[in-house]
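Descriptive structure summary
As a plain string of letters, each chain reads:
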Amino acid sequence: MYRSLAAVFLLLIVGVAGTSRIAFQQSSHIQRAVLPHIMKDVRLDWCPQCVNSFDDLVQIVLDIILQYGVVDTCGHLCELVEEKTGSGLLGFICTMGCDFLGLEEFVKLIEKADIDPIYYCEVMKICPINDNGDAKFKSFAVLPPRAQTESKIAVDMVYVSKNGTGTGEMIITIQTVDKIPLSSGFFLEAQKPGTYGERLVIDTTPDPECDPTQGECEQWLAGTYNITVLLCNGQCGSHHPHTALYDTARGSFTLYE
Ligand SMILES: *[C@@H]1O[C@H](CO)[C@@H](O)[C@H](O)[C@H]1NC(C)=O
Ligand SMILES: *[C@@H]1O[C@H](CO)[C@@H](O)[C@H](O)[C@H]1NC(C)=O
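We now turn to the structure provided with this report. Just so it is clear, the model here is predicted, and its values are computed rather than measured.

1. As for the overall build of the chain
- Within the chain, the regular secondary structure consists of six helices and nine strands.
- The buried share of the chain, reckoned over its 257 residues, is 33%.
- Counting only contacts in the chain whose residues sit at least 6 apart along the sequence, the fraction spanning at least 24 positions is 73%.

Pasting the structure below:
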């Protein structure tokens, strides 16, 4: 039973890996600035850790099934996860999920989640769910709107939530002059009702480390760049439950030589 399940699991993972959007893909050109006025709750919060470790967990569980074929208990599986990664955190997240669901369901869920870490961590009850949440942009500014090439551009935004937000994601995409798609996703923790600020900084300096044989290298030519930012419940664009688009904002900036 587990052997056939593992085979199905493998097929699905391999089949899905090529097509699904990589969660929290990061362009090295876009950074999230931590705004100093946001007070962090000091309590231990496993949710961001779970979301950030999810890809590693999928990868290691996959490797274990490849190597061992059959794993008979959650304890055994998650011990192997911890042993092979040297990470108590991954072992813990594995154990929480696997004990909660049972081994068979756990493996099925990892397969079904097709790389949507937020959904996974919500089903594990590690991340909070809020399906009545909302968020609307109150302001959105791209500064400066005109700059010399190789400048830094700030995207400042404020959004308001009346009902609070679910565990989600903010995605920025930039339509570039040389048509190379640029985008980054950032994790958003579930929030209470309130007003929240974010700042993203775009560095319009071509990356000297970028290797054109490994992928396209953004050149940051002179011209106008369009920016779109999405605020989402869950992973933007995911077909899993607890997913919604809260709001969209658009802006642009122009680079000159
Ligand atoms: C806030 O939540 C209530 C239910 O609790 C819902 O009826 C309402 O539509 C929500 N408001 C927004 C702005 O989503
Ligand atoms: C930005 O948007 C404007 C207006 O929608 C469009 O004409 C222009 O081609 C866009 N720029 C890029 C780089 O896609």
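From this point, the narrative continues.
2. Examining the packing of helix H2 (residues 46-68) against helix H3 (residues 74-85)
- At a minimum axis distance of 10 Å, the contact between H2 and H3 shows a crossing angle of 110°. By the criterion of interaxial angle, the relationship of H2 to H3 is roughly perpendicular. Contacts from Asp56, Ile60, Val61 and Ile64 in H2 reach Leu77, Leu80, Val81, Lys84 and Thr85 in H3.
- Here the contact of H2 with H3 is composed, by residue class, of six nonpolar, one polar and two charged.

3. Quick look at the site of ligand 2
- In the vicinity of ligand 2, the contacting residues are Gln175, Val177, Thr224, Tyr225 and Asn226.
- In terms of residue count, strand S8 (residues 223-233) provides more of the shell around ligand 2 than any other element does, three residues in total.
- When the residues that make up the shell around ligand 2 are grouped by side-chain class, the tally is two nonpolar, three polar and no charged.

4. Side note on the environment of Pro128
- By the element assignment, Pro128 lies in the loop between helix H6 (117-123) and strand S2 (136-143).
- Taking the C-alpha atoms as reference, Pro128 lies 9.9 Å from Gly168; in sequence the two are 40 residues apart.
- If we skip the residues at most four places from it in the chain, Pro128 touches Thr167 and Ala190.

5. Considering the site of ligand 1
- Every residue lining ligand 1 is accounted for by Asn132, Asp134, Lys162 and Asn163.
- Partitioning the shell around ligand 1 into residue classes produces no nonpolar, two polar and two charged.

6. Remarks on the sheet that holds S8
- Here five strands make up an open sheet; going across it, the order is S3-S9-S8-S5-S6 and the pairing mixed. Bordering the open sheet on either side are strand S3 (146-148) and strand S6 (182-188), each of which pairs with just one other strand. Strand-to-strand twist in this sheet, taken as the mean axis angle between neighbours without regard to direction, amounts to 25°.
- As judged from the seven bridges shared by strand S5 (residues 168-175) and S8, these two strands associate in the antiparallel manner. Looking across to S8, one finds that Ile171 is bridged to Leu230.

7. Some remarks on the nonpolar core
- Counting 28 residues, the largest nonpolar core has Cys50, Ile64, Leu77, Val81, Cys94 and Cys121 as its most contacted members.
- When residues of this core are assigned to their parent elements, the largest contribution, eight residues, is made by H2.
- When near neighbours in sequence (up to four residues on either side) are disregarded, Val81 contacts Ile60, Val61, Ile64, Leu90, Gly91 and Cys94.
- In terms of nonpolar packing, the next biggest core, distinct from the first, is built from 24 residues, Ala135, Tyr225, Ile227 and Ala249 among them.

8. Here we look at helix H4 (residues 88-101)
- Here H4 spans 20 Å end to end across 14 residues, near enough to the 20 Å set by a 1.5 Å rise per residue.
- Every buried residue of H4 is accounted for by Leu90, Gly91, Ile93, Cys94, Gly97 and Cys98. For H4, the buried positions fall inside an angular range of 165° around the axis, keeping them on one side.

9. Looking at the environment of Val71
- Among the structural elements, Val71 can be located in the loop between H2 and H3.
- For Val71, a count of 22 C-beta atoms within 10 Å corresponds to the buried category.
- Through-space distance from the C-alpha of Val71 to that of Leu103 is 9.0 Å; in sequence the pair is 32 residues apart.

Thresholds, definitions, all that
Residues numbered from 1 in each chain as written. Chains lettered and ligands numbered in written order. Predicted model: local features only at pLDDT ≥ 70, side-chain atom pairs only at ≥ 80, totals over all residues. Helix = DSSP H or I, 4+ residues; strand = E, 2+ residues; numbered from the N terminus. Buried ≥ 20, exposed ≤ 12 C-beta atoms within 10 Å, placed from the backbone. Contact = placed C-beta atoms within 7 Å. Axes fitted to C-alpha atoms, helices over the stretch in contact; angles between N-to-C directions. Parallel < 35°, antiparallel > 145°, perpendicular 65-115°, else oblique. Nonpolar A, V, L, I, M, F, W, Y, C, P; charged D, E, K, R; others polar. Near = placed C-beta within 6 Å. Pairing = 2+ DSSP bridges. Core = buried A, V, L, I, M, F, W, Y, C linked by C-beta atoms within 7 Å. Expected span 1.5 Å × (residues − 1). Arc of directions from axis to C-beta.

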